[in-house]
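Chain by chain, the residues run as shown.
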Amino acid sequence: DSGVTQTPKHLITATGQRVTLRCSPRSGDLSVYWYQQSLDQGLQFLIQYYNGEERAKGNILERFSAQQFPDLHSELNLSSLELGDSALYFCASSASGGGSGTEAFFGQGTRLTVV
Amino acid sequence: AQSVSQHNHHVILSEAASLELGCNYSYGGTVNLFWYVQYPGQHLQLLLKYFSGDPLVKGIKGFEAEFIKSKFSFNLRKPSVQWSDTAEYFCAVYGNNRLAFGKGNQVVVIP
């Protein structure tokens, strides 16, 4: 158990809908990262938050947004869902915001299926 | 931006065989390198990491990796694999506030 908790584990929804994925980082970790894993794209970095502030942005679509709350949990919001958004979404956390020596711990992931 | 290349995406080998997975990275800053393993249906787990110091690092489950700066490589090795090593293996480099992953190696160990 990595200490990173993601809910829900599975989500099935229809195209055009909006969903929210939740992540609770390890106790004491200030950074949260979101990744998307799909068969064709592999593991793609979406976004990082550090202590409530957006720190880095990757290949995140405009239909997707995220935030980190004062209690450090994070939510990834996916809207206007398309079939191609079906993937495994991982959250990871780390103690620091970046720099040498940063080690990230991953949650179990949320498997999103868009039908 | 950093990037990672992993070759031989599908590897099939018998128990007790030796395993070596190649990883080449591209990053201009201080190198932090990782190997993660993902067992079927599970999350990513850290196998080993390199931050600095001895370029030969040992991880869990008998895995080791060697950092060769001149070759921009961080290859993973295990002298004798077991059926339970069947998994997907990802090499990653940390930089610019993110981990960049390779495409992964799907390893199947036949009993």
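Scroll up to find the structure.
Residues numbered from 1 in each chain as written. Chains lettered and ligands numbered in written order. Predicted model: local features only at pLDDT ≥ 70, side-chain atom pairs only at ≥ 80, totals over all residues. Heavy atoms only, no water.

### Quick notes on the packing of aromatic side chains
Inspection of every chain in the model, using the stated rule, returns 17 aromatic pairs over all chains. Judged by centre distance (5.8 Å) and plane angle (65°), the ring pair of B:Tyr25 and B:Phe72 falls under edge-to-face. Pair noted here: B:Tyr25 is in strand β4 (residues 23-26) and B:Phe72 is in the loop between β8 (64-68) and β9 (73-78), with a separation of 47 residues, a long-range link. Look at B:Tyr25 and you get buried, because its relative accessible area is 6%. An aromatic cluster is built from A:Tyr35, A:Phe45, A:Phe90, A:Phe106, B:Phe34, B:Tyr36, B:Phe51, B:Phe90 and B:Phe101, whose rings are joined through pairwise contacts. (Phe/Tyr/Trp six-rings, centres within 6.5 Å; stacked < 30°, edge-to-face > 60°. Helix = DSSP H or I, 4+ residues; strand = E, 2+ residues; numbered from the N terminus. Buried < 20%, exposed > 50% of the residue type's maximum accessible area, 1.4 Å probe, protein only.)

### Side note on the interface of chain B and chain A
Facing the 19 residues of chain B at the interface are 26 residues of chain A. When the two sides are added together, the surface that chain B and chain A hide from each other amounts to roughly 1,800 Å², 53% of it contributed by carbon and sulfur. One can count 1 salt bridge joining chain B with chain A. A salt bridge links A:Glu103 to B:Lys49; the shortest N-O distance between them is 2.4 Å. Put simply, chain B and chain A have 7 residue pairs in polar contact (both at pLDDT 80 or more) between them. Elements supplying a minimum of two residues to the side of chain B that touches chain A: β5 (32-38), β6 (44-50), β10 (87-95) and β11 (98-101) of chain B. The element that contributes the greatest number of residues to the side of chain B that touches chain A is β5(B), accounting for 4 residues. Of the residues in the side of chain B that touches chain A, the class split is 9 nonpolar, 7 polar and 3 charged. (Contact = heavy atoms within 4.5 Å. Buried area = accessible area lost by both parts, 1.4 Å probe. Salt bridge = Lys/Arg side-chain N within 4 Å of Asp/Glu carboxyl O. Polar contact = N/O pair within 3.5 Å; in protein donor to acceptor, adjacent residues only side chain to side chain. Nonpolar A, V, L, I, M, F, W, Y, C, P; charged D, E, K, R; others polar.)

### Considerations on the nonpolar core
Burial of nonpolar side chains together is a common tendency in soluble globular proteins. Within the largest apolar cluster, 29 residues are counted, with the highest numbers of intra-cluster contacts made by B:Trp35, B:Leu48, B:Phe74, B:Leu76 and B:Tyr89. Excluding residues that lie within four positions of it along the chain, B:Leu76 makes contacts with B:Leu19, B:Glu20, B:Leu21, B:Trp35, B:Leu47, B:Leu48, B:Phe63, B:Glu64, B:Ala65 and B:Tyr89. Of all hydrophobic cores here, the second largest spans 21 residues; its members include A:Leu21, A:Val32, A:Leu81 and A:Tyr89. (Core = buried A, V, L, I, M, F, W, Y, C linked by side-chain atoms within 4.5 Å.)

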